[in-house]
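These are the residues of each chain, in order.
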Amino acid sequence: MIFSTTLLRNHIRRSAVLTYRYQSSVANKPLVPANALKQWYNVFGKSNAGYASWIVMGILVAEAFTGATSDMVWNSINRGRTYDSVDWSKFVVDDDDDDDDDD
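Residues numbered from 1 in each chain as written. Predicted model: local features only at pLDDT ≥ 70, side-chain atom pairs only at ≥ 80, totals over all residues. Heavy atoms only, no water.

Caption draft 1: Structural context of the overall build of the protein. Tallying secondary structure elements over the protein gives three helices and zero strands in all. Put simply, the protein runs from its N terminus to its C terminus through helices and strands in the order α-α-α. When burial is assessed residue by residue, the protein has 3% of its 103 residues classed as buried. Accessible area for the protein stands at about 9,900 Å²; split by element, carbon and sulfur atoms hold 60% of it. (Helix = DSSP H or I, 4+ residues; strand = E, 2+ residues; numbered from the N terminus. Buried < 20%, exposed > 50% of the residue type's maximum accessible area, 1.4 Å probe, protein only. Areas by Shrake-Rupley, 256 points an atom, 1.4 Å probe, with all protein chains shown as cover.)

And the structure:
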């Protein structure tokens with residue numbers, strides 16, 4: 001009983017230490033390389049106008065992406081129910097009456 005408890009305790013400690021070491025090594029790595037940040041700063045971050053244009057471009061791209069995604073979802077849910085997706089050939093009436101010849 002004591003031997004199994006000791007083994008369990010040592011296993012838990014070892015796994016906790018390995019997890020801590022892994023998390024600390026992952027946390028030390030930067031998300032974006034330094035060269036990419038320097039290049040971004042040289043293009044967009046040095047001036048107020050450059051930074052404002054970066055924000056405007058980001059907003060426009062995000063809006064286009066969310067608009068296209070929501071349109072795609074809407075059209076997939078409402079297929080056959082909207083004006084564009086209805087098969088209008090089903091509603092064609094073959095009317096052979098020539099009402100124009102009555103003049």
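Caption draft 2: Summary view of the packing of aromatic side chains. Evaluation of the coordinates by the stated rule reveals six aromatic pairs. Taken together, a centroid distance of 5.4 Å and an interplanar angle of 50° make the contact between Tyr-83 and Trp-88 tilted. Its relative accessible area of 45% is what places Trp-88 among the partly exposed residues. A network of ring pairs unites the aromatic residues Trp-40, Phe-44, Tyr-51 and Trp-54 as a single cluster. (Phe/Tyr/Trp six-rings, centres within 6.5 Å; stacked < 30°, edge-to-face > 60°.)

Caption draft 3: Region of interest: a nonpolar patch on the surface. Taken together, the side chains of Tyr-51, Trp-54, Ile-55, Met-57 and Ile-59 make up a nonpolar region of the molecular surface, amounting to roughly 490 Å² of accessible area. Along the chain, Tyr-51 turns up in helix α3 (residues 48-77). (Patch = residues over 30% accessible without salt bridge, like charges linked within 9 Å, V, L, I, M, F, W, Y side chains within 5 Å. Salt bridge = Lys/Arg side-chain N within 4 Å of Asp/Glu carboxyl O.)

Caption draft 4: A look at the environment of Trp-88. Relative to the helices and strands, Trp-88 is located in the segment after α3. A polar atom in the side chain of Trp-88 sits 3.3 Å from the backbone oxygen of Tyr-83. (Polar contact = N/O pair within 3.5 Å; in protein donor to acceptor, adjacent residues only side chain to side chain.)

Caption draft 5: Spatial organisation of the confidence of the model for the protein. Of all residues in the protein, 78% have pLDDT values of 70 or greater, and the mean over the chain is 83. Within the protein, helix α1 (residues 2-27) has the poorest average pLDDT of any element, 71, and α3 the best, 96. (pLDDT = per-residue confidence, 0-100.)

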